[in-house]
Amino acid sequence: AERGACWSKTKVWGPWERERRGRMGLGGREMVPAGSEDQEEAKVRELRERLRALGREVSCCLERCGCHPETQKVGELLPELEELEGDTLKRFLVARKWNVAKAEAMYANFVEYRLRVPEGCIEEKDCSVGLRHRKTFLVPKVDRGGNSVFMTIMRRHIVSECPPGEPFKYTQFSFDKITQHLRRRGIQQAVFVFDFSGFGWENLDASTAAQILKQAQDYNPERLHKAILYNCPLLFWVLWKVITPLMDARMRSKFKFCYSSDDLEEHFHMEHVPVGMGGESEEEDWVPIERVT
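All of these numbers come straight from a predicted model, not from anything done at the bench.

Draft legend 1. Structural context of the overall build of the protein. For the protein, the count of helices and strands is 13 helices and six strands. Counting all 293 residues of the protein, 51% fall into the buried class. Here the analysis covers contacts within the protein between residues at least 6 apart in sequence; of these, 80% occur between residues at least 24 apart. Only carbon and sulfur atoms are counted for the fraction: they give 52% of the accessible area of the protein, which is about 14800 Å².

Pasting the structure below:
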């Protein structure tokens, strides 16, 4: 909170955003996919240069208003951009259809968020109820495409037991663990499985679902390779109607509905699928989210 307050006092984002919109033109300009590898690399370089300039601008504004640079950690997020991987910048570009100005704005919003909620600032004690529910795991074996697989057992999310604010903390804690895992593996995307078997009213939580979607879409763009929604009951469609308008078309296209072993076998080898979903993988072999590295 202290970081967020300090950041908001600088009041640099509003003027920068107005200037950015001026560069884009009224309403922005929709770009088609970059095309060749050379064109993509050129856009990555352009985005890196824009973010480098933005980093200098923000650092100067923070210094003028007396904010301590160590507190703000601007340099970690608006880098030394030679160290910011091209694949990371590419994720933001893909999410914005290779429009460099829109990707720049998206990354800037990500920076603003991370200044308020730095990676790793939420600890296990801050989301102890969610962790006690034992609902999110890394499934050790990958999918047919070689992607890491994370699974959430939806019936274990008991809304009435979660203190106010903890679902957000649990969501961010989980995303941080997932990001660290992907970074260690040197990959950009993962598969997410949501098992809705036994899902009931006590599990229905539209607010948390919207937070998860915002985290995935706004702050972790293109981390999702695909989402497998398994055995969704009729009640699920209440939730689906709430969150669908919050998704862009690209995000919606990544959701796959599965109701049988045959459906799942399109995505996984069945020996890697959890027993509760018709496969052979036992829960004792899965890695709870707090132990993911």
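Draft legend 2. Expanded view of the pairing of strand β1 (residues 136–139). Side chains T136 and L138 of β1 all project onto a buried face; the interleaved residues F137 and V139 project onto the opposite face, where all are buried too. As paired strands, β1 and strand β2 (residues 148–153) are joined by four bridges and run antiparallel to one another. In the sheet register, F137 faces β2, and the bridge partner there is M151. One ladder, built from two bridges, connects β1 with strand β6 (residues 287–288); its direction is antiparallel. Bridging from a neighbouring strand, L138 pairs with V287 of β6.

Draft legend 3. The arrangement of the sheet that holds strand β4 (residues 224–230) in detail. Taken together, the six strands give an open sheet; going across it, the order is β5-β4-β3-β2-β1-β6, and neighbouring strands pair in mixed fashion. Unpaired on one side and paired on the other, β5 (255–258) and β6 mark the two borders of the sheet. Contacts from helix α9 (residues 166–185) reach β1, β2 and β3 (190–195) within the one sheet, and its direction differs from that of β2 by about 165°. Each of β4 and β5 touches helix α11 (residues 236–243); the most contacted strand, β5, lies at about 170° to it.

Draft legend 4. The arrangement of the side chain of D205 in detail. Mapping D205 onto the fold places it in the loop between β3 and α10 (206–219). Although D205 lies buried, it forms no salt bridge, and the closest oppositely charged side chain, K135, sits 7.2 Å away as judged by the N-O distance. A distance of 2.8 Å separates the side chain of D205 from the side chain of H157, its partner in a polar contact.

Draft legend 5. Spotlight on the pattern of salt bridges. Taken as a whole, this structure holds 15 salt bridges when the rule is applied. Between K90 and E41 there is a salt bridge, with the nearest N and O atoms lying 3.6 Å from each other. Of this pair, K90 sits in helix α6 (residues 86–95) while E41 is found in helix α3 (residues 37–64), placing the two residues 49 residues apart along the sequence. The class of K90 is partly exposed, set by a relative accessible area of 21%. Judged by its relative accessible area of 31%, E41 is partly exposed. A salt bridge links E283 to R134; the shortest N-O distance between them is 4.0 Å. With E283 in the loop between α13 (261–265) and β6 and R134 in the loop between α8 (128–132) and β1, this residue pair connects regions lying 149 residues apart in the sequence. Salt bridges here are not isolated pairs; linked through shared partners, they connect E40, E41 and K90.

Draft legend 6. Inspection of a nonpolar patch on the surface at higher detail. There is a patch of nonpolar side chains on the surface, built from L234, W237 and Y259 and spanning about 350 Å² of accessible area. With relative accessibility at 41%, the residue Y259 sits in the partly exposed group.

Draft legend 7. Focus on the packing of α9 against α10. For the pair α9 and α10, the least separation of the axes is 10 Å and the interaxial angle reads 30°. The crossing of α9 and α10 is right-handed. Contact with α9, carried on its side by P167, F168, T171, Q172 and F175, involves T208, Q211, I212, Q215 and A216 of α10 and no other residues of that element. Split into classes, the residues belonging to the contact of α9 with α10 amount to five nonpolar, five polar and no charged.

Draft legend 8. Main features of the environment of V193. Secondary-structure assignment places V193 in strand β3. Residue contacts for V193: discarding those within four places in its chain leaves V149, F150, M151, T152, I228, F268 and M277.

Here is what the cut-offs are and how they apply
Residues numbered from 1 in each chain as written. Predicted model: local features only at pLDDT ≥ 70, side-chain atom pairs only at ≥ 80, totals over all residues. Heavy atoms only, no water. Helix = DSSP H or I, 4+ residues; strand = E, 2+ residues; numbered from the N terminus. Buried < 20%, exposed > 50% of the residue type's maximum accessible area, 1.4 Å probe, protein only. Contact = heavy atoms within 4.5 Å. Areas by Shrake-Rupley, 256 points an atom, 1.4 Å probe, with all protein chains shown as cover. Pairing = 2+ DSSP bridges. Axes fitted to C-alpha atoms, helices over the stretch in contact; angles between N-to-C directions. Lys, Arg positive; Asp, Glu negative; His and termini not counted. Salt bridge = Lys/Arg side-chain N within 4 Å of Asp/Glu carboxyl O. Polar contact = N/O pair within 3.5 Å; in protein donor to acceptor, adjacent residues only side chain to side chain. Patch = residues over 30% accessible without salt bridge, like charges linked within 9 Å, V, L, I, M, F, W, Y side chains within 5 Å. Left-handed = near helix turned anticlockwise from the far one by under 90°. Nonpolar A, V, L, I, M, F, W, Y, C, P; charged D, E, K, R; others polar.

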